[in-house]
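Working through the structure, step by step
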Amino acid sequence: MNVLVVGSGGREHAIAWKLRQSSRVSQVFVAPGNAGTELDAENVAIPVSETAALVRFARDNRIGLTVVGPEAPLAAGMVDAFQAAGLKVFGPTKAAAQLEGSKVFCKNLLRSADVASAEYRVFRDADTAVRFIRDRYHSDEQDVPVVIKADGLAAGKGVIVCRTRDEALEAIHRIAREREFGDAGAQLIIEERLDGHEASVLAITDGQTILTLPTAQDHKPALDGDQGPNTGGMGAYTPTPLVTPEMLAQIEEHILVPTVHAMKRSRNPFRGVLYAGLMITNQGPKVLEYNVRFGDPECQPILMRLQSDLLDLLEATVDGALDQIEPPVWDPRPAVCVVMASAGYPGSYKKGHPIRGLEEAAEVPDVKVFHAGTTSRDGQVLTDGGRVLGVTALGDSISLAKRQAYTAVQRIRWDGAWCRKDISDKALTYARSE
């Protein structure tokens, strides 16, 4: 079977790499791909925004399954277009992708499904949101425990955690007046700030059966110790001891199952990856947000551990037959992914820096370097994005997996390269507190 992966990030590199290992896959195409997918698959120079061209390519090249990686084409209806053309495609429809594409839709669905989440209010203009903050919080001296969110897609950056009134007012100004995140700020949400520790629980569902994947933990803030601005994710590890087996069963019963049932009742059945971003609070797990695709960078360490055929899982999801396949087999070893980024990220950054040491990094045992923001020119790999590489390693313990990942990181160099130094350290803290 020929397979097409749509996207150009580290997530798509990991998906293409794992699909290529399937005995049933003849060829893997990635559109548009990056310098890493160019080595593990065949790149196709079609942007993710050109749905009609991708449909034509899939038809002309007898693609048996298309996997849509990023959230933007899912929210824009790429899956619907492939289905209308009679092509097999993995991912939710445009209507179901609203779970990520609109935070207002998500919050309203969580409320209707009685799924635990933060209290919230929806605002359609800046003035009303400003009045709400000023009426509720009269002094900038007091704690202002709110989170301001742009309604639409903002590449993981449209969420601003606030602790003072001035911070909240500034967040409203950035989202709704300056439109820092474009049309994503047409509506905004003000919700209570939840305190606790974040965890990621991803599941694959065909709308009936829910297959929960190993738990993971992302590291969103740019700097060590969770300081600095939010990013698309600076690293992740799996599994996380923060989520015990008992808690995972609770998450499945009280969060994932009610959500899938609510989507079905609303006539927007969900098929694909349902990614719950959770805050583990003193009152139990609460949903921060849903994503409708593999997380990036969570996808990289999770797929490093997958020993079963990924094609079987994805195809069974599309066919509505997840209950008919054997449960996936996972490498018992933990995995850690460290994101290497360009200087200036998550703000402005320069592209085109030559990357050295990739071959040396690949020689570290149990390591795979997944490419995200890279391109190739004249045989040289160059930086082409903010998050450039996801250096991912397996180890007999989380500490050993971390050591392997950072050993590989130290062999890779380019002008301005940087990364967090504490990816997965939280796991040791949770383990000691048990």
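Along the polypeptide, Asn2 turns up in strand β1 (residues 2-7). For Asn2, a relative accessible area of 18% gives the class buried. At 3.1 Å, the side chain of Asn2 and the backbone oxygen of Asn61 are in polar contact.

Taken as a whole and judged by the stated rule, the model has 24 salt bridges. Notably, a salt bridge pairs Glu71 with Arg11, separated by 4.0 Å at the nearest N-O pair. Taken together, the residues span a long stretch of sequence, with Glu71 in helix α4 (residues 71-76) and Arg11 in helix α1 (residues 10-20) at a distance of 60 residues. Residues Glu71 and Arg11 agree in their burial class; the two are buried.

Turning our attention to the sheet that holds strand β5 (residues 89-90). Strand order in the open sheet formed by five strands is β3-β2-β1-β4-β5, with parallel pairing between adjacent strands. The sheet is open, and its two borders are formed by β3 (42-43) and β5, each paired with just one other strand. Sheet strands touched by α1: β1, β2 (27-32) and β4 (63-68). Its angle to β1, the strand with the most contacts, is close to 170 degrees.

Quick look at the packing of aromatic side chains now. Throughout the structure, instances matching the rule amount to four aromatic pairs. Relative to Phe57, the ring of Phe29 has its centre 5.2 Å away and its plane inclined at 80 degrees; by these criteria the two rings are edge-to-face. Of this pair, Phe29 sits in strand β2 while Phe57 sits in helix α3 (residues 51-60), and the two are 28 residues apart along the sequence. With a centroid separation of 5.3 Å and 50 degrees between ring planes, the pair formed by Phe123 and Phe132 is classed as tilted. Its relative accessible area of 13% is what places Phe132 among the buried residues.

Before going further, it helps to spend a moment on the sheet that holds strand β18 (residues 335-341). The strand order across the open sheet built from five strands is β12-β15-β18-β22-β19, with neighbouring strands paired in antiparallel fashion. The open sheet terminates on both sides in strands that have one partner only, identified here as β12 (217-218) and β19 (367-371). Note: β19 against strand β22 (residues 387-394), five bridges, orientation antiparallel. Each bridged residue has a counterpart across the sheet, and for Lys368 the counterpart in β22 is Thr392.

Turning next to the side chain of Arg387. Take Arg387: it is sitting in strand β22. Within the buried set, Arg387 has no salt-bridge partner at all; the shortest N-O distance to an opposite charge, 4.1 Å, is to Asp296. Engagement of the side chain of Arg387 in a polar contact is seen with the backbone oxygen of Gly232, the distance being 3.0 Å. Discounting residues that sit within four places of it in the chain, Arg387 has contacts with Gly232, Gly233, Asp296, Pro297, Val339, Met340, Ala341, Tyr345, Ala372 and Gly373.

Right, let's talk about unusual backbone geometry for a bit. Looking along the chain, the bond that leaves Thr238 and enters Pro239 is cis, with omega of -5 degrees. Look at the link from Tyr345 to Pro346: it is a cis peptide, with omega at 10 degrees. Relative to the helices and strands, Pro346 resides in the loop between β18 and α13 (358-362). Positive phi, normally seen in glycine, also occurs at Arg267, with a value near 65 degrees. Take Arg267: it is sitting in the loop between α10 (245-265) and β16 (272-281).

Next up on the list: the pairing of strand β15 (residues 235-238). Neither face of β15 is exposed, since Gly235 and Tyr237 on one face and Ala236 and Thr238 on the opposite face are all buried. Note: β12 against β15, two bridges, orientation antiparallel. For Asp218, the partnering residue across the bridge sits in β15 and is Ala236. When β15 meets β18, the two strands line up antiparallel, connected through four bridges. Bridge pairing in β18 places Gly235 opposite Val338.

A word on helix α9 (residues 165-177). Side chains of residues three or four places apart in an α-helix project in the same direction, reflecting 3.6 residues per turn. When the terminal C-alpha atoms of α9 are compared, their 17 Å separation across 13 residues agrees well with the 18 Å that a helix rising 1.5 Å per residue should span. Among the residues of α9, Arg165, Ala168, Leu169, Ala171, Ile172, Ile175 and Ala176 are the ones counted as buried. Projected down its long axis, α9 shows its buried positions confined to an angular sector of 155 degrees, all on one face. Immediately downstream of α9, the backbone of Arg179 shows phi near 50 degrees, a positive value.

Definitions and cut-offs
- Residues numbered from 1 in each chain as written.
- Predicted model: local features only at pLDDT ≥ 70, side-chain atom pairs only at ≥ 80, totals over all residues.
- Heavy atoms only, no water.
- Helix = DSSP H or I, 4+ residues; strand = E, 2+ residues; numbered from the N terminus.
- Buried < 20%, exposed > 50% of the residue type's maximum accessible area, 1.4 Å probe, protein only.
- Polar contact = N/O pair within 3.5 Å; in protein donor to acceptor, adjacent residues only side chain to side chain.
- Salt bridge = Lys/Arg side-chain N within 4 Å of Asp/Glu carboxyl O.
- Pairing = 2+ DSSP bridges.
- Contact = heavy atoms within 4.5 Å.
- Axes fitted to C-alpha atoms, helices over the stretch in contact; angles between N-to-C directions.
- Phe/Tyr/Trp six-rings, centres within 6.5 Å; stacked < 30°, edge-to-face > 60°.
- Lys, Arg positive; Asp, Glu negative; His and termini not counted.
- Expected span 1.5 Å × (residues − 1).
- Arc of directions from axis to C-beta.

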